[in-house]
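# Structural features, examined
The residues making up each chain are set out below.
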Amino acid sequence: QVQLVESGGGLVQAGGSLRLSCALSVRIERISRMGWYRQAPGNQRELVATITSGGITDYVDSVKGRFTISRDNAKNTVFLQMDSLKPEDTAVYLCYVLGATSIRGNLVAYWGQGTQVTVSA
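Notes on the structure follow. Given the structure is predicted, the values throughout are model-derived calculations rather than measurements. (Residues numbered from 1 in each chain as written. Predicted model: local features only at pLDDT ≥ 70, side-chain atom pairs only at ≥ 80, totals over all residues. Heavy atoms only, no water.)

Next up on the list: the nonpolar core. Of all hydrophobic cores here, the largest spans 30 residues; its most connected members are Trp36, Phe67, Ile69, Leu80, Met82 and Tyr93. For this core, the secondary-structure elements that each account for two or more residues are β3 (18-24), β4 (30-39), β5 (46-52), β7 (67-72), β8 (77-82), β9 (91-100) and β11 (115-120). (Core = buried A, V, L, I, M, F, W, Y, C linked by side-chain atoms within 4.5 Å. Buried < 20%, exposed > 50% of the residue type's maximum accessible area, 1.4 Å probe, protein only. Helix = DSSP H or I, 4+ residues; strand = E, 2+ residues; numbered from the N terminus.)

Moving on: the state of the cysteines. For the structure on display, the rule yields one disulfide. Paired by a disulfide, Cys22 and Cys95 hold their sulfur atoms 1.9 Å apart. Across the S-S bond linking Cys22 and Cys95, the dihedral sits near 45°, which makes this disulfide right-handed. Note that Cys22 is positioned in strand β3 and Cys95 in strand β9, a separation of 73 residues in sequence. Each member of the pair Cys22 and Cys95 is classed as buried. (Disulfide = S-S within 2.5 Å.)

Before going further, it helps to spend a moment on unusual backbone geometry. A positive phi angle, near 50°, is found at Asn76, a position not held by glycine. Checked against the element boundaries, Asn76 lands in the loop between β7 and β8. For Asn76, a relative accessible area of 7% puts it in the buried group. A positive phi angle, close to 50°, is found at Ser84, a residue other than glycine. By the element assignment, Ser84 lies in the loop between β8 and β9. Its relative accessible area of 40% is what places Ser84 among the partly exposed residues.

Of the two faces of strand β1 (residues 4-7), the one lined by Leu4 and Glu6 is fully buried and the one lined by Val5 and Ser7 carries no buried residue. In this sheet, β3 lies alongside β1 in antiparallel orientation, the contact comprising four bridges. Within β3, the position partnered with Leu4 by the bridge is Leu24. (Pairing = 2+ DSSP bridges.)

Okay, structure coming up:
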């Protein structure tokens, strides 16, 4: 069974940094893209950052220049480095992987359990 294991959330003051990690529990044959969403209370889930199998990255405007997404293909792990954090970044952060367990299999979205990030003013 494919699971995503997240770590790295916590409480930090505004201006501080956190690094989130998300690792696949098993190796899968094909990964199309990996990324991070976030959801704050009362808000819709928001796509924060994505990275393709070729390393192309994309970010929501509110985090550009502050967050960096990266991946370790050998370890099937995706990271989110968050710098210059603001109180409005407070949310549950969820990682996802779009991949297939076999070369010819259909792409499926796998989700992490979420990790809380709280930024105090």
